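Architecture and fold: a report
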Amino acid sequence: MSLNRIVLIGAGNVATHLGEALSRAGYSIVQVYSRTEASASELAGKLHCSYTVAMEDVTAEADLYVVSVKDDALPVLAAQLGKVNREALFVHTAGSVPMDVWKGKADRYGVLYPMQTFSKQRPVDFTTVSFFVEALRKEDSEALMELAVGLGGKAYEASSEQRRFLHIAAVFACNFSNHMYAVAKHLLDAHGLPFEAMYPLIDETARKVHEMAPVAGQTGPAQRNDVQVMDGHLNMLADEPELAEIYRLVSRNIYKYSSEKE
């Protein structure tokens, strides 16, 4: 089933990277919609296509509509978009929103979830991206799987319930770990130490999970249940009670996982 002509709904980080990847792979991006003209025109300029900021002007001349917007905007947009082209396939790219957000609003619908962290200023190698696909119709699921593979990524089928757990796992693995880097930088900056000194430690920690289970690779005072060191750290964080609470809770969970491994 052909999905060659594509409209992008949204012009943020995900839409930008996905649109550029689709264009490089030979798909035709025929239009970009965004509520703000600056972002719509910027992305349309990169993709050499038209743009609109009016939902009523979204073209009906497309095979696939890819919606990459904030989760809470999806229900309203889904109701509006489903009327544009009853024969087209409509998908969103959200990790935590069920496929049924389209139910009763479009005849063909699904999800194309690229599980990656996207920032406009950093290129993304789509050959390393895992896509999770779901669709109401089997033939649409197959077409989305083919599209994901065409971008160079790995494609998996996942239900809305499975994807919810993918998303929360990704929050722990990506968003929370990155915030820990921010905390580390905050502590180092406060004492005149360079964050770049952490790079080898961060890189080795990330490499290890390619070769062993995360629990097996865990080190540090919590894993050893070194109470004396942990109490010292908590005393050092006395002026920052929120960080002390994070330290206490994470350390407790590390020891719990390590104990269960034994």
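Everything discussed here concerns the structure shown above.
Here is a short report on the structure shown in this document.

Analysis parameters
Residues numbered from 1 in each chain as written. Predicted model: local features only at pLDDT ≥ 70, side-chain atom pairs only at ≥ 80, totals over all residues. Heavy atoms only, no water. Pairing = 2+ DSSP bridges. Helix = DSSP H or I, 4+ residues; strand = E, 2+ residues; numbered from the N terminus. Axes fitted to C-alpha atoms, helices over the stretch in contact; angles between N-to-C directions. Contact = heavy atoms within 4.5 Å. Core = buried A, V, L, I, M, F, W, Y, C linked by side-chain atoms within 4.5 Å. Buried < 20%, exposed > 50% of the residue type's maximum accessible area, 1.4 Å probe, protein only. Expected span 1.5 Å × (residues − 1). Bend = angle between axes of the 7 residues up to and from the residue. 1 Å grid on protein atoms, 1.4 Å probe; cavity = no way out; pocket = protein on both sides within 12 Å on 5 of 7 lines; lining within 4 Å. Points joined across faces, edges and corners; volume = space filled by probe spheres on them. Nonpolar A, V, L, I, M, F, W, Y, C, P; charged D, E, K, R; others polar.

A few words now on the sheet that holds strand β6 (residues 108-115). Adjacent strands of a sheet form backbone hydrogen bonds with each other and so pair up, either parallel or antiparallel. In space, the eight strands of this open sheet follow the order β3-β2-β1-β4-β5-β6-β7-β8, with mixed pairing throughout. Each edge of the sheet is formed by a strand with only one pairing partner; in this case those strands are β3 (50-52) and β8 (154-157). Pairs of neighbouring strands in the sheet enclose a mean axial angle of 25 degrees, with direction left out of account. With six bridges joining them, β6 and strand β7 (residues 130-135) adopt antiparallel strand pairing. By the bridge assignment for β7, G110 is matched with A135. Taken strand by strand, helix α2 (residues 37-47) contacts β1 (5-9), β2 (28-33) and β3, and its axis lies near 165 degrees from that of β3. Contacts from helix α4 (residues 138-150) reach β1, β4 (64-67), β5 (89-92), β6, β7 and β8 within the one sheet, and its direction differs from that of β7 by about 165 degrees.

The next point concerns the nonpolar core. Counting residues in hydrophobic clusters, the biggest one holds 33 residues, and the most contacted among them are I6 and L64. Breaking this core down by element, the ones donating at least two residues are β1, α1 (13-24), β2, α2, β4, β5, β7 and α4. Dropping the residues within four chain positions of it, L64 is found in contact with L3, R5, I6, V7, L89, V91, L144 and L147. If you look at the next biggest cluster of nonpolar residues, it comprises 27 residues, including V30, V67, A78 and F132.

The next thing to look at is the environment of R35. As for its position among the elements, R35 is in the loop between β2 and α2. As for R35 and I9, which are separated by 26 residues in sequence, their C-alpha atoms are 9.4 Å apart.

The next subject is helix α5 (residues 160-190). Along an α-helix, residues three or four positions apart point the same way, because every turn accommodates 3.6 residues. Taking 1.5 Å as the rise per residue, α5 with 31 residues should run 45 Å; its terminal C-alpha atoms sit 43 Å apart, in good agreement. Taking the largest bend as the criterion, α5 deviates by roughly 35 degrees, centred on V171. What α5 keeps buried is the set S160, R163, A170, V171, V183 and L188. Just beyond α5, the residue with positive phi is G192, at close to 70 degrees.

Taken as a whole, the second largest pocket encloses approximately 160 Å³ of empty space. Lining the second largest pocket, in full, are N225, V227, M230, D231, L234, Y247, R248, S251, R252, Y255 and K256. Mapped onto the lining of the second largest pocket, the elements with two or more residues apiece are α8 (227-236) and α9 (241-261). If one sorts the elements of the lining of the second largest pocket by residue count, α9 sits on top with six residues. A class-by-class count of the residues in the lining of the second largest pocket yields five nonpolar, two polar and four charged.

What you tend to see is this: most non-glycine residues have negative phi, and most peptide bonds are trans. We note that H48 has phi near 55 degrees; this positive angle belongs to a residue other than glycine. Residue position: H48 is located in the loop between α2 and β3. Note on H48: relative accessible area 73%, which makes it exposed. Unlike most non-glycine residues, N225 shows phi in positive territory, near 55 degrees.

With that settled, the discussion passes to the pairing of β4. The alternating pattern of β4 places L64 and V66 on one face and Y65 and V67 on the opposite face, and all of these are buried. Note that β1 and β4 share four bridges and pair parallel. Along β4, the bridge assignment pairs L8 with V66. Strand direction decides the pairing type here: β4 and β5, joined by four bridges, are parallel. Along β5, the bridge assignment pairs V67 with H92.

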